[in-house]
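Residues per chain are reported as follows:
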Amino acid sequence: MADTRKMIEVEDLVTHYGTRMILQGVSMDVREGEIMVIMGGSGSGKSTLLRYLMALETPTSGTMRILDRDISELSMKEMFALRKKLGVAFQGGALFSSMTVGENIMLPLFEHTDLDRQTMDIMVRLKLEVVDLAGFEDLTPAELSGGMIKRAAFARAVIMDPRILFCDEPSAGLDPVVSSALDDLILRLRDAMGMAIVVVTHELESAFKIADRITVLDRGKILFIGTVEELRNHPSERIQNLLNRRMEDDPVDPDEYLRRLMGEKMQEGATA
Amino acid sequence: MPPTSTSGSVSDFLERVGRAATSSFAEFGFAGVLVAQSLFWLFFGPRLRQPVRMGAIIAQMREVGINAIPIVAVLSTAIGAVLAMQGIISLKKFGAESQVTFGIAISMVREFAPLITGILVAGRSGSALAARIGTMKINQEMDALEVMGINPVRFLVAPALFAMIVMVPALTIFSGFMGLYAGGLYVGIDLSVSMDAYITQVIDALDAADVLHGFAKSIAFAVLIAIIGVMNGAGVQGGAEGVGKATTRSVVQAISAIVITDMIFVLMATQMG
């Protein structure tokens, strides 16, 4: 993977809101065909970094190259062309509630291509099959479950065959089974389409399953970049503490969670 | 209690005034940019192969215009009848009740039709626009549009602005007709004036300037409602509660802007003769 092309290259990115520093000299790269997972606790700056990687923000300090183009030098037209090569699956799906699932997925094709309706319908059906949602194109997002919304968001994100796919907290709010299925979907998309994938998550289990490399952010600085094995065996006490704390925080076992919840309810009843 | 410094509180006050003034200028600037960008996409979008979608415009026109017809009809009828009742009572004191048609026609066409329509559309569609854009913002749908290379102004603002500019004047004309008709019915009952005679009096009372006055106002109101709705929606912060606040703020601001703009129109019209 190390000798493949750099799809994203960030150098010394610094950003702040008012006087508060958010990112402090972040440097990293994402290579063709790799899954880069960005991890970090609340306030570590991972969401801000993702906005920069998606070209939603332009750096004022540091450089940011996406597909070999320095994004601070791009004209509006060039930025428009670049964005057609990026796909994003947002945390909550960000599907348009006034449109059906099929119309949501078709939107980028409708806006950016001259394809006829029949071809677009076929492409939508194909992508829905890839994400295991075949036959759901006529439903509205309100009629879908959380996991299905995320799958539909993935289908929309890859409808234009992007060179880079961004996934913001794909497992957030999902039960472990659905979350694991989404991890499989991310791996399948990478294998089938060969794109670079950037995933922001706080779920260790998921990160270890899908990542080729992991970037750990802490208070706006990069603590670690490397493979899963390198992370697991990293000698730094700070990193190990961070990982162990997160692992303990992960509510993984649903049965245990239900038992705890029932216990609390019974205690509340006894107190009342 | 620490001693307070008069110069300190004065400078604080001036700083607050300065900040408020700067923020207001920034908002005016943002509004201007939104209108300019919307017009750009409406006229030059097709040339750039990024047209404002007709489907979105028609959906907005249906929401802003067609769906508002019943409530505009009811309120305009009521206002027309009230104008006739009050007019007859007032003019009877001078024995001039036969001149009531003049008052109804001028008031309805120049003032009440654009005002009622503007206020109703601000309450129905301006607030809905703010809520829609605010919800889209907190659901990251605006970010999704940008990442997909779809300009949010072209996709959301331009259709709403165009629909308002077409439908608010259309509703204003409809409101004028309904109000005049209701006034005519009451005048017919109270003063035994036939509808034909009433219509002739209305036509005699009005000239092109009156109609243009009402029409121009309605276009100004349409732009204000759309831009205030969009600005409040785009400024939403803090989840569902933020959407609620933005919606309320958009209605209050739009109605205030409509009434103040109305006053400026009347002032200009009277000063210019």
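Source: prediction; values computed, not measured.

**Some points on the overall build of chain B**
Part 1 of the argument: Across its full length, chain B carries 9 helices and 0 strands.
Part 2 of the argument: In sequence order, the secondary structure elements of chain B are arranged as α-α-α-α-α-α-α-α-α.
Part 3 of the argument: In terms of its C-alpha atoms, chain B occupies a principal-axis envelope of roughly 70 × 65 × 35 Å.
Part 4 of the argument: Residues classed as buried in chain B amount to 39% of the 273 residues present.

**A few points about the pairing of strand β9 (residues 213-218) of chain A**
All names here are of chain A.
Part 1 of the argument: Among the 6 residues in β9, 5 count as buried, and that is most of the element.
Part 2 of the argument: Both strand β3 (residues 35-40) and β9 contribute to a ladder of 5 bridges, which runs parallel. Among the inter-strand pairings, Val37 is bridged to a residue of β9, identified as Ile214.
Part 3 of the argument: Counted between consecutive antiparallel strands, the loop separating β9 from strand β10 (residues 221-226) contains 2 residues, among which Arg219 sits at a positive phi close to 45°.

**Some words on the packing of helix α6 (residues 152-191) of chain B against helix α8 (residues 208-234) of chain B**
Residues and elements named next belong to chain B.
Part 1 of the argument: Relative to each other, α6 and α8 sit at 145°, their axes nearing to 8 Å. Judged by the sense of rotation from one axis to the other, the crossing of α6 with α8 is right-handed. On α8, the residues touching Val157, Ala160, Leu161, Met164, Ile165, Val168, Pro169, Thr172 and Gly176 of α6 are Gly214, Phe215, Ser218, Ile219, Phe221, Ala222, Val223, Ile225, Ala226 and Val230.
Part 2 of the argument: Here the residues of the contact of α6 with α8 sort into 15 nonpolar, 4 polar and no charged.

**As for the nonpolar core**
The tendency in soluble globular proteins is for nonpolar side chains to be buried side by side.
Part 1 of the argument: Counting residues in hydrophobic clusters, the biggest one holds 114 residues, and the most contacted among them are Val37, Phe166 and Val198 of chain A together with Met164, Ile225 and Val230 of chain B.
Part 2 of the argument: Ranked by residues supplied to this core, first place goes to α6 of chain B with 13 residues.
Part 3 of the argument: Those residues in contact with Val230 of chain B, other than ones at most four positions away along the chain, are Leu34, Leu129, Ile133, Val157 and Ala160 of chain B.
Part 4 of the argument: Counting residues in each nonpolar core, the second largest holds 20 residues, with Ile79, Ile104, Leu115 and Val202 of chain B among its members.

**Things to note about the sheet that holds strand β5 (residues 69-70) of chain A**
Paired through their backbone hydrogen bonds, the strands of a sheet run either parallel or antiparallel.
Residue and element names in this part refer to chain A.
Part 1 of the argument: Ordered by their spatial adjacency, 4 strands build an open sheet running β2-β1-β4-β5, and the pairing between neighbours is antiparallel. Of all strands in the sheet, those bounded by a partner on one side alone are β2 (20-31) and β5.
Part 2 of the argument: Where strand β4 (residues 61-66) meets β5, 2 bridges bridge the pair, whose relative direction is antiparallel. Residue pairing across strands places Arg65 opposite Asp70, the latter belonging to β5.
Part 3 of the argument: Sheet strands in contact with helix α1 (residues 46-53) are β1 (6-17), β2 and β4, and its direction is about 55° off that of β2.

**What to know about the interface of chain A and chain B**
Part 1 of the argument: Taken together, the 16 residues of chain A in the interface contact 10 residues of chain B.
Part 2 of the argument: Broken down by secondary-structure element, the contributors of at least two residues to the side of chain A that touches chain B are α2 (76-83), β6 (86-89) and α3 (101-112) of chain A.
Part 3 of the argument: In terms of residues, the side of chain A that touches chain B owes the most to one element, α3 of chain A, which gives 4 residues.
Part 4 of the argument: When the residues that make up the side of chain A that touches chain B are grouped by side-chain class, the tally is 10 nonpolar, 3 polar and 3 charged.

**Brief notes about the confidence of the model for chain A**
The predicted coordinates ought not to be read in detail in places where the model reports low pLDDT.
Residues and elements named next belong to chain A.
Part 1 of the argument: Counting all residues, the mean pLDDT for chain A is 85, and 89% of those residues have values of 70 or more.
Part 2 of the argument: For chain A, per-element mean pLDDT is lowest for helix α10 (residues 254-271), which scores 53, and highest for strand β8 (residues 196-200), which scores 94.
Part 3 of the argument: Per-residue pLDDT stays below 50 along residues 247-252; that stretch engages in 7 contacts with residues further than four places along the chain or on separate chains.

**Section: the environment of Phe155 of chain B**
Residues and elements named next belong to chain B.
Part 1 of the argument: Along the chain, Phe155 turns up in helix α6.
Part 2 of the argument: Sequence separation between Phe155 and Val252 is 97 residues, and the spatial gap between their C-alpha atoms is 26 Å.
Part 3 of the argument: In contact with Phe155, other than residues within four places in its own chain, are Leu145 and Ile150.

**Focus on the environment of Ile225 of chain B**
Part 1 of the argument: Relative to the elements of secondary structure, Ile225 of chain B occurs in helix α8.
Part 2 of the argument: Look past the residues within four positions of Ile225 of chain B in its chain and what remains in contact with it is Gly118, Val121, Ala122, Ser125, Gly126, Met164 and Ala254 of chain B.

**A word on the sheet that holds β8 of chain A**
All names here are of chain A.
Part 1 of the argument: Read across the sheet, 6 strands follow the order β6-β7-β8-β3-β9-β10 without closing on themselves; strand pairing throughout is mixed. Looking at the sheet topology across the chains shown, the edges are occupied by β6 and β10. Strand after strand, the sheet turns through a mean of 15° between neighbouring axes, direction not considered.
Part 2 of the argument: Relative to strand β7 (residues 164-168), β6 runs parallel, the two sharing 4 bridges. Residue pairing in the sheet places Gly87 in a bridge with Leu165 of β7.

**Section: the pairing of β8 of chain A**
All names here are of chain A.
Part 1 of the argument: Where burial is concerned, most of β8 is hidden: 5 out of the 5 residues are buried.
Part 2 of the argument: Neither face of β8 is left uncovered, since the one carrying Ala196, Val198 and Val200 and the one carrying Ile197 and Val199 both have all their residues buried.
Part 3 of the argument: In terms of strand pairing, β3 meets β8 through 4 bridges, oriented parallel. The residue of β8 that forms the bridge with Ile35 is Ile197.
Part 4 of the argument: Taken together, the 5 bridges between β7 and β8 define a ladder with parallel strand orientation. Its bridge partner lying in β8, Leu165 is registered against Ile197.

**Points about the packing of helix α3 (residues 69-92) of chain B against helix α4 (residues 100-138) of chain B**
All names here are of chain B.
Part 1 of the argument: In the contact formed by α3 and α4, the axes pass within 10 Å of each other and the chain directions differ by 145°. Handedness of the crossing formed by α3 with α4: right-handed. Packed against α3, whose contacting residues are Ile71, Val72, Leu75, Ser76, Ile79, Gly80, Leu83, Ala84, Gly87, Ile88 and Leu91, the element α4 presents Val100, Gly103, Ile104, Ser107, Met108, Phe112, Ala113, Ile116, Thr117 and Leu120 at the interface.
Part 2 of the argument: In the contact of α3 with α4, the residues fall into 15 nonpolar, 6 polar and no charged.

What counts and how
- Residues numbered from 1 in each chain as written.
- Chains lettered and ligands numbered in written order.
- Predicted model: local features only at pLDDT ≥ 70, side-chain atom pairs only at ≥ 80, totals over all residues.
- Helix = DSSP H or I, 4+ residues; strand = E, 2+ residues; numbered from the N terminus.
- Buried ≥ 20, exposed ≤ 12 C-beta atoms within 10 Å, placed from the backbone.
- Pairing = 2+ DSSP bridges.
- Axes fitted to C-alpha atoms, helices over the stretch in contact; angles between N-to-C directions.
- Left-handed = near helix turned anticlockwise from the far one by under 90°.
- Contact = placed C-beta atoms within 7 Å.
- Nonpolar A, V, L, I, M, F, W, Y, C, P; charged D, E, K, R; others polar.
- Core = buried A, V, L, I, M, F, W, Y, C linked by C-beta atoms within 7 Å.
- pLDDT = per-residue confidence, 0-100.

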